Structures are given as structure tokens and as C-alpha cells.
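Per-entry structural report
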Amino acid sequence: MDKNFNLIILGPQGSGKGTQAELLAKKINMKIIAPGEILRKKVKGSTLLGRKIKEYSEKGELVPDDIIKKLVLKKLEKIKKDGIIFDAFPRNIRQAKILEDFLKKFHFRQPILIYLKISRKLAISRITTRRICPKCKEKFYPKSKGYKKGICSKCNARIVSRKDDKPKIVKRRLEIYFSQTKKIIDYYKKQGRLIKIDGEPKLEEVFHQILGKLNDYFKK
Ligand code: ADP
């Protein structure tokens, strides 16, 4: 597949956005911009910005648009061509407009949105049971190798829950998703740039659907 296009991957927490973004990036040789990952790295450093970000993210709130805007711009300045996957950005209409302006500025194509649909119930069960490896960032679910022992099958580190995967915070993140982020989906639908995917099957199946529907999209 030609990679002269840009994608946004969006869906509720636990819909597999990050995993599918990685699979796509590998398969089509695209670059990922994932504000969530950038923010987690910033929180680790004890800078003023890191502390500010922490205040929001540990409550499950969105980090202010201005901060996200700067972080995304910095990444975009380094990428010189199309072939970008935005993982979980934009998350509200204001961010969607920011992205539109950035893409125009850099003469990049406007993105196609891949929407991974899963129920609220499945989202909660997936997030509250998932663990991550603090070292290599691999994700683990109850059926994954090493899950029961609590050990990463790749690098042997003890796997942990993400700090914001606690039930109360998950509830807040999902509230924001359904009240703000879901509006983005209609925004792209109206522009004819939406690909809707059933995110409930296993990840290989979801990936297969994405590739198939992307191919169909370009045949239109
Ligand atoms: P999830 O989609 O499962 O919530 P992410 O790793 O994408 O996980 O994001 C983690 C947290 O980082 C969010 O709860 C939010 O606080 C912050 N964040 C990530 N992306 C954005 C964004 N585009 N705008 C504002 N805050 C964001």
C-alpha cells in the first residue's frame, strides 16, 4: 500500500488504538505521533511542565490543548512527509481544528479517521485487567503469556497497571471520551473521511478489517 496518506486512530480506552497503530506503522512504514506516550515521558522528568501534565493525567482529565498543540507541532516539524498515524489525537473539536491547520501549514494531506468501536463494558473490562511492562511498554491481558506470573515475557520485568487504569480514573477517562472525543467521529464522517471498525474481535482480526477497509477506501 502506498503511504501517501495520514491516519487518526480513535476509540474508547482499551479499544486497541496503540496496538493497531503499531501494527499499521510496521506494515505500511508509517510514523506514529502518540501524545499519550509523549506525555507519560514528560511526567517522568521532574520539570515544571511534567508536574503540570501529571496534575491532569492522574485525574484522567485531558491535558490543556495548548500543551498538546506544542508537543504535536514539535513532532510534525521533524516529519517531512505524509505517512503519519495520530494515535488518540485529536480528542476534541478544538484539537481537530488545530490538526487541520497544522496539516495545511506543512502541505500534508488531511487525515482519514479509523474509529475502533467497542462497548463501554468491554472498554472497562479490558483496561482494568491490562498490565504493562514498565521497561519495554509491552501490553498484557489475562490471556497473554506471563500475565498470571506477572512477569514480562520479553524482558522479565514485573508487569504493572498503568497509574491511570484505576477504576475511578478509568470512569472519568471514558466520560470524557463519550462526551468530547466521540464528537470528532461525526466531524470526520461529515467530511467523508471515516472508516468504522468493530474493535471487539481479537487484534489480528481487527487489523485485517482495517487493512481491508483502507484498501476499499482508496478504491472509491
Ligand atoms: P487512553 O487513550 O487510554 O486514555 P493515552 O495514553 O492515549 O491513553 O492517554 C493518556 C492520558 O494522556 C489521557 O488520559 C490524557 O490525560 C492525556 N492525553 C493523551 N492524549 C491527549 C490529547 N490529545 N489531549 C489531551 N490530553 C491527552
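Note: the structure precedes this text.
The structure reproduced in this document is the subject of the present report.

**Notes on the environment of Lys-81**
You can see Lys-81 is positioned in the loop between helix H4 (65-78) and strand E3 (84-87). On the accessibility criterion, Lys-81 (54% relative accessible area) is exposed.

**Concerning the nonpolar core**
Core analysis: the biggest nonpolar cluster contains 29 residues, and Leu-76, Phe-86, Leu-113 and Tyr-188 have the highest contact counts within it. Leave out the neighbours within four places in its chain, and Tyr-188 touches Ile-8, Pro-90, Ala-96, Leu-99, Pro-111, Leu-113, Arg-193 and Leu-194. Within the second largest apolar cluster, 20 residues are counted, among which are Phe-5, Leu-24, Ile-195 and Leu-214.

**Considering the site of the ligand**
Of all residues adjacent to the ligand, which total 19 residues, the nearest are Lys-17, Arg-40, Glu-61, Arg-91 and Arg-173. Within the backbone of Val-63, one N or O atom sits 3.0 Å away from a nitrogen atom of the ligand. A distance of 3.1 Å is found between an oxygen atom of the ligand and a side-chain nitrogen or oxygen belonging to Arg-162. Out of a free accessible area of 540 Å², the ligand has 95% covered by protein chains.

Cut-off values and rules
- Residues numbered from 1 in each chain as written.
- Predicted model: local features only at pLDDT ≥ 70, side-chain atom pairs only at ≥ 80, totals over all residues.
- Heavy atoms only, no water.
- Helix = DSSP H or I, 4+ residues; strand = E, 2+ residues; numbered from the N terminus.
- Buried < 20%, exposed > 50% of the residue type's maximum accessible area, 1.4 Å probe, protein only.
- Core = buried A, V, L, I, M, F, W, Y, C linked by side-chain atoms within 4.5 Å.
- Contact = heavy atoms within 4.5 Å.
- Near = heavy atom within 4 Å.
- Polar contact = N/O pair within 3.5 Å; in protein donor to acceptor, adjacent residues only side chain to side chain.
- Areas by Shrake-Rupley, 256 points an atom, 1.4 Å probe, with all protein chains shown as cover.

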